[in-house]
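Examination of the molecular architecture
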Amino acid sequence: MALEAWYMDSSDEDQRKPHRLRPHQPVSLDELKKLGVFHWRLDADHFDSDPELRKIREERGYSYMDIITIQKDTLPNYEEKLKMFYEEHLHLDDEIRYILDGQAYFDVRDKEDRWIRISMSKGDLITLPAGIYHRFTLDETNYTKAMRLFVGEPVWKAYNRPADDFEIRQKVQRTVQDRAGPPDQRIQYTGLKPPLTMLNSRTVESPTPLAGLSFSAQAVTGDEPNYIYPER
Ligand SMILES: [Fe+2]
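Residues numbered from 1 in each chain as written. Predicted model: local features only at pLDDT ≥ 70, side-chain atom pairs only at ≥ 80, totals over all residues.

For clarity, the cut-off: UniProt positions are given in the numbering used here, feature names are shortened, and annotations may be inferred rather than shown by experiment.
An unreviewed UniProt entry lists the chain under the name Acireductone dioxygenase, with Oryzias melastigma given as the organism. The annotation that UniProt attaches to the chain under Sequence similarities (unreviewed entry) is "Belongs to the acireductone dioxygenase (ARD) family."

1. Digging into the overall build of the chain
Keep this limit in mind: Here a strand is any run of E in DSSP of at least two residues, a helix any run of H or I of at least four, and the numbering for each starts at the N terminus. Put simply, a residue is buried when 20 or more other C-beta atoms lie within 10 Å of its own C-beta and exposed when 12 or fewer do; between those, it is partly exposed, and each C-beta is set from the backbone. Working definition of a contact: two residues with C-beta atoms, positioned from the backbone, lying within 7 Å.
The helix and strand inventory of the chain stands at 4 helices and 11 strands. In the chain, buried positions account for 31% of the 232 residues. Taking contacts inside the chain between residues at least 6 apart in sequence as the whole, the part at least 24 apart equals 78%.

2. Looking at the nonpolar core
Defined as follows: Structurally, a nonpolar core is described as a collection of buried Ala, Val, Leu, Ile, Met, Phe, Trp, Tyr and Cys residues joined by way of C-beta atoms within 7 Å.
With 44 residues, the main nonpolar core has Phe106, Val108, Ile118, Met147 and Leu149 as its most contacted residues. The set of elements that each furnish at least two residues to this core consists of β3 (64-71), β5 (95-109), β6 (115-121), β7 (124-128), β9 (143-150), β10 (157-160) and α4 (167-180). Ranked by the residues each element gives to this core, the list is headed by β5, at 8 residues. Excluding anything up to four places from it in sequence, Ile118 contacts Leu3, Ala5, Tyr105, Phe106, Val108 and Ile126.

3. Remarks on the pairing of β7
As a reminder of what qualifies: Only strands joined by at least two bridges in the DSSP assignment are considered to pair.
Across the 5 residues that make up β7, a large majority, 4, are buried. In terms of strand pairing, β5 meets β7 through 4 bridges, oriented antiparallel. For Ile96, the partnering residue across the bridge sits in β7 and is Thr127.

4. Describing the UniProt feature "binding site: Ni(2+)" (unreviewed entry) in the chain
According to UniProt, the "binding site: Ni(2+)" (unreviewed entry) feature falls on His89, His91, Glu95 and His134. Of the residues just listed, which span 46 residues, no C-alpha pair is farther apart than 11.6 Å, and they cluster in one region. For His89, the position within the fold is in strand β4 (residues 89-90). Its place among the elements puts Glu95 in strand β5.

5. Quick notes on the UniProt feature "binding site: Fe(2+)" (unreviewed entry) in the chain
UniProt records the feature "binding site: Fe(2+)" (unreviewed entry) at His89, His91, Glu95 and His134, using the numbering of this structure. By the secondary structure assignment, His134 is in strand β8 (residues 134-137). Setting aside anything within four residues of it in sequence, one finds His134 in contact with Phe106, Asp107, Val108 and Leu128.

6. Re α4
Owing to its 3.6 residues per turn, the α-helix brings residues three or four apart onto one side. What counts is decided by this rule: One less than the residue count of a helix, multiplied by 1.5 Å, gives the span that helix is expected to have. Directions drawn from the helix axis to the C-beta atoms are what define this arc.
Counted at 1.5 Å a residue, the expected span for α4 with its 14 residues is 20 Å, and the 20 Å between its end C-alpha atoms agrees. Looking at α4, one finds that the buried residues are Arg169, Val172 and Val176. Looking down the long axis of α4, one finds its buried residues gathered within 65° of arc, a one-sided arrangement. Residues Glu167, Arg174 and Asp178 are exposed on α4 and point more than 90 degrees away from its buried face. Directly after α4, the chain includes Gly181, whose backbone phi takes a positive value near 130°.

7. Brief notes about the environment of Leu29
Structurally, Leu29 can be placed in helix α1 (residues 29-34). A sequence separation of 25 residues divides Leu29 from Glu4, and the C-alpha atoms of the two residues are 8.3 Å apart. Not counting chain neighbours up to four residues away, the residues in contact with Leu29 comprise Leu3 and His39.

Listed below in C-alpha cells is the structure:
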C-alpha cells in the first residue's frame, strides 16, 4: 500500500481525525520529495533482519536506533502529551521514523505554508528534513510503535515555531523554492521572522539516550508497552 498524504482542513476537531478537505486533495510522493520528505515501504515484520533497512541505514549513516511505543492505555498523561507532540516545531537535524505497528500522522508545511497530513502505517519509513516545520499525532486508534533513527548520537531538541532565524530553516526554504521551479513561478514563503530566542526551545532527554547506538538491529531496547515518547 502506498503512503497516503493530503491537504488538511482547518477545522478544530480532534487532531486525531483525518482532517481531509472536501473535496479530498491528495498529495503525491513526488510533491513530498520536493519538500525534502522521503519515504520507504519496508517489511516491518522482519525489521531486525531486513537487508533493505540495513542498506538505508548504511547509506545514510543512521547509526542510532531505538523503538518506542505510544499507547493511550499505558502512557501517563496521554492526552496532554498528544497535545505537546502536536505543537508546530522544527529540529536542526532530520527526523526519521519507521512505523513498526499501528498508525500515526506527521503533518508538514508545504511551500505555501499549508498543512499536509502524512498518514503513516506499519512498514512506512519517513525522513523529514532538518528545518521543516512539522507536528505529530496519533490517529483515532491511539496506538503506534515506531523506530527512531538518527545520524550519530540523537538530539531530542525541538524549536517551536517561530524559529525562522536558524540557518537550516533558511536553507530548507531555499531548497524547497529551488525544487518548485523557475523564480517567476515560485511562491514566497511567508513565515514569521522574529529574533531568535532560545526561550522557544526545549530539550527532553530520552530515558535511554544511548540505547541502540550499536548498528545492529538486535540492540533494540525500549520496547516496554508504556515507554514514553520523549520527542516530537
Ligand atoms: Fe519533530
